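A look at the structure
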Amino acid sequence: MSDDIDEPPDSNGADRTAEPFTYNGGRVDPGESANIRYGISETYLGDPVRIPVTVINGEHPGPTVFLSAAAHGDELNGIEVVREVAHDWDHSNLHGTLICLPVMNVHGFLAQERYLPIYDRDLNRSFPGREGSTSARRMAHQIFTNFIEPCDIGLDFHTSTRGRTNMLHVRANMENQKVARVAKAFSSNVIIAGEGPSGTLRREATAVGIPTITIEMGEAHRFQRQLIDRALTGVASVLAEFGLHPESSVHWPGWRTIIDDDNEKTWIRADAGGIVDMKRGRSELVKEGEVICVITNPFKEEEDIVTVEAPFTGLIVGVLENPVVYPGNPLCHLVGLTPDTLTALERERTMEHAGSDRRISESALE
Ligand SMILES: [Zn+2]
């Protein structure tokens, strides 16, 4: 099924008929949708652990797209993105099928923790999973075989790790043309290129021919409305690009930078332990030499103040929120920009301050 997406959107399935979506023990026919609680494991009490899945099978043929969230149980923004796409959007003219997985890591979600509480396993390093293996890999296997493998495209939503935040950006293997098409269609300002660690959903799904991207947005334990709205724009744009919503159009974010190994980028780390007075925020532009933050001791003693400056001009993609650090802890994820991107971004920020055009400045409103 993954060859469909090479076709231009307007030719998707023109001469085909829509097919039922089937999974282990279930079937959703064209024109129908289903809310499913699908068992992927069992608790200590022997009760089923079930993930919520919504399948929306359009009347018209087209690609099958999965939207997944909370592979890390405390990363909540994506849950709301997936739920709104599944339950608030009008899919009466859907050309294709949507598989919506708002909470993959049920154990972690219940505990509001990143990892599966059982031995602290990372579900997002356990894909594609394996039968007869660890509990994390068995769960991953259930999710992967039933709801990921039948898809043509995937969007997996994450946030920054607890205590930090990041601006909305896409992570994608831009050397894979099919993945690059999905990544660009999502219309984020920033794409960080790379295939991702082994065992992540996006890397393993891509490896079996389902081009998949990760969307990083904001912080854990929150619903952040502006970021959620921005991500919904991205989803609508992807559905337009691949013809699932033929009446919609692809969105251009105003400017875009693809961060690869050639770009300057660094996680600036603390060289002192202490209390952090962060001067700059997520998605801000900083000039070389400008102060990003100040680290102090409890007495604010002058001789112990450490000032952290930007080593180069760049965009703050990720930043510390919880204002305490040990030496070596990350303070801020700074990426360099090409002169063209820098100019476009500065122009956008100027216009935004002048209030002359709100439309192109969504990312800056985060
Ligand atoms: Zn995550």
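Values in this document were obtained by computation on a predicted structure and should not be read as measured data. (Residues numbered from 1 in each chain as written. Predicted model: local features only at pLDDT ≥ 70, side-chain atom pairs only at ≥ 80, totals over all residues. Heavy atoms only, no water.)

Once that is clear, we can look at the nonpolar core. Grouped together as the largest cluster of nonpolar side chains are 71 residues, with contacts concentrated most on Leu67, Leu98, Leu155, Phe157, Phe186 and Ile213. Once residues lying within four places of it in the same chain are set aside, the contact partners of Phe186 are Leu155, Phe157, Leu168, Val170, Ile213, Ile215, Arg230, Ala231, Gly234, Val235 and Val238. Formed by 17 residues, the second largest nonpolar core is a distinct cluster that contains Ile268, Val286, Val308 and Val325. (Core = buried A, V, L, I, M, F, W, Y, C linked by side-chain atoms within 4.5 Å. Buried < 20%, exposed > 50% of the residue type's maximum accessible area, 1.4 Å probe, protein only. Contact = heavy atoms within 4.5 Å.)

Attention now goes to helix H3 (residues 135–148). Over its 14 residues, H3 runs 19 Å from end to end, which matches the ideal 20 Å to within 8%, given 1.5 Å per residue. Every buried residue belonging to H3 is among Ala136, Met139, Ala140, His141, Ile143, Phe144, Asn146, Phe147 and Ile148, and all of these are buried. (Helix = DSSP H or I, 4+ residues; strand = E, 2+ residues; numbered from the N terminus. Expected span 1.5 Å × (residues − 1).)

Two strands pair when backbone bridges link them, and strand S8 (residues 164–172) and strand S9 (residues 190–193) are joined in this way by three bridges, in the parallel orientation. Considered in S9, the bridge of Arg171 is made with Ile192. In this fold, S8 hands off to helix H4 (residues 177–185), which returns the chain to S9; that crossover is right-handed. Sheet topology places S9 next to strand S11 (residues 257–259); three bridges connect them, and they run parallel. (Pairing = 2+ DSSP bridges. Right-handed = clockwise from strand over helix to strand, strands pointing away.)

Let's shift gears to the UniProt feature "domain: Succinylglutamate desuccinylase/Aspartoacylase catalytic" (unreviewed entry) in the protein chain. Per the UniProt record, the feature "domain: Succinylglutamate desuccinylase/Aspartoacylase catalytic" (unreviewed entry) sits at residues 61–240. Measuring from the first to the last C-alpha atom of residues 61–240 gives 14 Å, for a span that is 35% helix and 23% strand. (UniProt positions renumbered as here; feature names shortened; annotations may be inferred.)

The residue Asn166 is located in strand S8 in this model. C-alpha separation for the pair Asn166 and Asn176, spaced ten residues apart in sequence, amounts to 25 Å. Here Glu216 takes part through its side chain, which lies 3.5 Å from a polar atom of the side chain of Asn166. A polar contact of 3.4 Å, which involves the side chain of Asn166, links it to the backbone nitrogen of Met217. (Polar contact = N/O pair within 3.5 Å; in protein donor to acceptor, adjacent residues only side chain to side chain.)

The domains assigned to the protein chain are domain 1 (21–259) and domain 2 (265–339). Spacing between the C-alpha centres of domain 1 and domain 2 amounts to 32 Å. The interface of domain 1 with domain 2 comprises 16 residues on the first partner and 17 residues on the second. For the pair domain 1 and domain 2, the two sides together bury roughly 1200 Å², of which 67% comes from carbon and sulfur. (Domains from an automatic or database assignment. Buried area = accessible area lost by both parts, 1.4 Å probe.)

So, on to the coordination of the zinc ion. The zinc ion binds to the protein through His72 (ND1), Glu75 (OE), Glu75 (OE) and His158 (ND1); the donor distances cover 2.0 to 2.5 Å. Seen from the zinc ion, its four donor atoms lie at angles of 55 to 148°, and the figure they make is irregular. Read in sequence order, the donor residues coordinating the zinc ion give the pattern H-x2-E-x82-H. Owing to a relative accessible area of 2%, Glu75 belongs among the buried residues under this scheme. (Donors = N, O, S within 2.8 Å, 3.2 Å for Na, K, Ca; no water. Tetrahedral: all angles 85-135°; square planar, octahedral: opposite > 155°, others 65-115°.)

Right, let's talk about the side chain of Ser188 for a bit. Secondary-structure assignment places Ser188 in the loop between H4 and S9. Ser188 gets classed as buried once you look at its relative accessible area, which sits at 0%.

Right, let's talk about a negative patch on the surface for a bit. A cluster of acidic side chains, namely Glu301, Glu302, Glu303 and Asp304, defines a negative patch on the protein surface. Tracing the backbone through its elements, the reader meets Asp304 in the loop between strand S15 (291–296) and strand S16 (306–309). (Patch = residues over 30% accessible without salt bridge, like charges linked within 9 Å, V, L, I, M, F, W, Y side chains within 5 Å. Areas by Shrake-Rupley, 256 points an atom, 1.4 Å probe, with all protein chains shown as cover. Salt bridge = Lys/Arg side-chain N within 4 Å of Asp/Glu carboxyl O. Lys, Arg positive; Asp, Glu negative; His and termini not counted. Charge placed at Lys NZ, Arg CZ, Asp CG, Glu CD.)

Turning our attention to the packing of H4 against helix H6 (residues 225–241). Two numbers describe how H4 lies on H6: the axes approach to 8 Å, and their chain directions differ by 130°. On the basis of the axis angle, H4 is oblique to H6. Across from Arg181, Val182 and Ala185 in H4, the residues of H6 making contact are Gly234, Ser237, Val238 and Glu241. Partitioned by chemical class, the residues of the contact of H4 with H6 number three nonpolar, two polar and two charged. (Axes fitted to C-alpha atoms, helices over the stretch in contact; angles between N-to-C directions. Parallel < 35°, antiparallel > 145°, perpendicular 65-115°, else oblique. Nonpolar A, V, L, I, M, F, W, Y, C, P; charged D, E, K, R; others polar.)

Another point: unusual backbone geometry. With an omega dihedral of 0°, the bond running from Phe127 to Pro128 counts as a cis peptide bond. Residue placement: Pro128 occurs in the loop between helix H2 (106–111) and H3. In this model, Gln112 sits at a positive phi of 55°, which is unusual for a non-glycine residue. Counting through the fold element by element, Gln112 comes out in the loop between H2 and H3.

Let us now look at the pattern of salt bridges. Scanning all chains against the criterion turns up 14 salt bridges. Linking Lys279 and Asp277 is a salt bridge whose minimum nitrogen-to-oxygen distance equals 2.7 Å. Residue Asp277 is classed as partly exposed on the basis of its relative accessible area, which comes to 38%. Two residues, Lys287 and Glu346, come together in a salt bridge whose shortest N-O distance is 3.3 Å. Highlighted residues: Lys287 in the loop between strand S14 (285–286) and S15 and Glu346 in helix H7 (residues 339–354), separated in sequence by 59 residues. Here the residues in one salt-bridge network are Glu84, Arg225 and Asp229, joined through shared partners.

Considering all chains together, one arrives at six aromatic pairs under this definition. Through a chain of ring-to-ring contacts, three or more aromatic side chains come together here, namely Phe21, Tyr23, Tyr38 and Phe147. A cation over a ring is seen here: Arg164 above Trp267, with NZ or CZ 4.9 Å from the ring centre. (Phe/Tyr/Trp six-rings, centres within 6.5 Å; stacked < 30°, edge-to-face > 60°. Lys NZ or Arg CZ within 6 Å of the ring centre and 35° of its normal.)

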